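Close look at the chain arrangement
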Amino acid sequence: MSLRLFGVMMMDGHTPAKIPTGLQTLPLRDLAAITEEGDFRAGDVDTGDIERHLSIVSGLFRSDPVLPAPVGTVFRSPETLQRWLELHYVALSDALAWVEDRFAARPHTTRGMGRESDKEGGPDLAAITAEVTRSLRRHAVSTVPLRNEEVTGIVLSAAYLVERELWEEFADAVQSEQEQHPVVKVELTGPWPPYDFVKIQFGS
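Note that this is a predicted model, so its numbers are computed, not measured. (Residues numbered from 1 in each chain as written. Predicted model: local features only at pLDDT ≥ 70, side-chain atom pairs only at ≥ 80, totals over all residues. Heavy atoms only, no water.)

Among the residues of helix α2 (residues 78-87), those classed as buried are Thr80, Leu81, Trp84 and Leu85. Taken around the axis of α2, the buried residues stretch over an arc of 135 degrees, which confines them to a single face. Residues Arg83 and Leu87 are exposed on α2 and point more than 90 degrees away from its buried face. (Buried < 20%, exposed > 50% of the residue type's maximum accessible area, 1.4 Å probe, protein only. Helix = DSSP H or I, 4+ residues; strand = E, 2+ residues; numbered from the N terminus. Arc of directions from axis to C-beta.)

Here is the structure:
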């Protein structure tokens, strides 16, 4: 029976992870893979599977650090997953320590006025977005670009890894940038699980 992997969490050996009904944990020392047993095939997912995966990971993230697995990740057997956990134990542990008590934020910048066709182009948008990006970096642990303007290459959307206790400070910084640059719209989404800051390796 195959296992669909939703993510990897830390367990202290005494308190079981708070996971939704129907899921199970596969432990390895202080790590636990959050899985579901079934007749799954890798990458065989639909819109409902994607929404469910995101909902489960978001629910886990609200209470504990989690390394989200890509949607549709499947292992042929518990033994295969156990071997993978063993092989990548150090990297997974380090990654969990890296994202612990940190949220992912995704501010998106678009032109706030003018024609629809102008919303993602032009030198003023590029210059303002570059300034916004530089400013917000000072409030984050790490930054990953997500979407660039086609002509200039300027980042329009980025992910920022923010300390949990500094989330409100980051949100205030986004609002401040909006007030300073009314010609653009700076929209903050999140907090999100750290999808953009986790690159789980599945090769041997």
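Moving on, we get to helix α5 (residues 167-180). Along its 14 residues, α5 runs 20 Å from first to last C-alpha, staying within 8% of the 20 Å computed at 1.5 Å per residue. Here α5 has its buried residues at Trp167, Phe170, Ala173, Val174, Glu177 and Gln178. Down the axis of α5, the smallest arc covering the buried residues is 140 degrees, so these residues share one side. Opposite the packed face of α5, turned more than 90 degrees from it, sit the exposed residues Glu168, Asp172 and Glu179. (Expected span 1.5 Å × (residues − 1).)

Our focus in this paragraph is the nonpolar core. In terms of nonpolar packing, the biggest core is built from 25 residues, with Leu136, Tyr160, Val162 and Phe170 touching the most fellow members. Elements that contribute at least two residues to this core include exactly β1 (2-10), α1 (47-61), β6 (102-111), α4 (123-137), β8 (155-163), α5 and β9 (184-192). Contacts of Phe170, omitting those with residues within four sequence positions, involve Ala105, Pro107, Leu136, His139, Tyr160, Val162 and Leu188. Listed in part, the 19 residues of the second largest apolar core include Leu67, Ala69, Leu92 and Val99. (Core = buried A, V, L, I, M, F, W, Y, C linked by side-chain atoms within 4.5 Å. Contact = heavy atoms within 4.5 Å.)

In this section: the environment of Gln82. For Gln82, the position within the fold is in helix α2. The sequence separation of Gln82 and Leu26 amounts to 56 residues, and the corresponding C-alpha distance is 7.6 Å. If sequence neighbours within four positions are ignored, Gln82 has contacts with Leu26, Pro27 and Leu28. A polar contact of 3.1 Å, which involves the side chain of Gln82, links it to the backbone oxygen of Pro27. (Polar contact = N/O pair within 3.5 Å; in protein donor to acceptor, adjacent residues only side chain to side chain.)

For Ser93, the position within the fold is in helix α3 (residues 89-99). Under the relative-accessibility criterion, Ser93 is labelled buried at 18%. Taking the C-alpha atoms as reference points, Ser93 and Asp30, 63 residues apart in sequence, are found 8.7 Å from one another.

Tallying each qualifying case throughout the model produces five aromatic pairs. Here the aromatic rings of Phe103 and Trp167 are separated by 5.8 Å at their centres, their planes lie at 75 degrees, and the arrangement is edge-to-face. Pair noted here: Phe103 is in strand β6 and Trp167 is in helix α5, with a separation of 64 residues, a long-range link. For Phe103, a relative accessible area of 10% puts it in the buried group. An aromatic cluster of at least three residues, connected via ring pairs, comprises Phe61, Phe103, Tyr160, Trp167 and Phe170. Sitting over the ring of Tyr89, Arg29 keeps its end group 4.0 Å from the ring centre. The ring of Trp192 has Arg106 lying over it, and the distance from NZ or CZ to the ring centre is 5.6 Å. (Phe/Tyr/Trp six-rings, centres within 6.5 Å; stacked < 30°, edge-to-face > 60°. Lys NZ or Arg CZ within 6 Å of the ring centre and 35° of its normal.)

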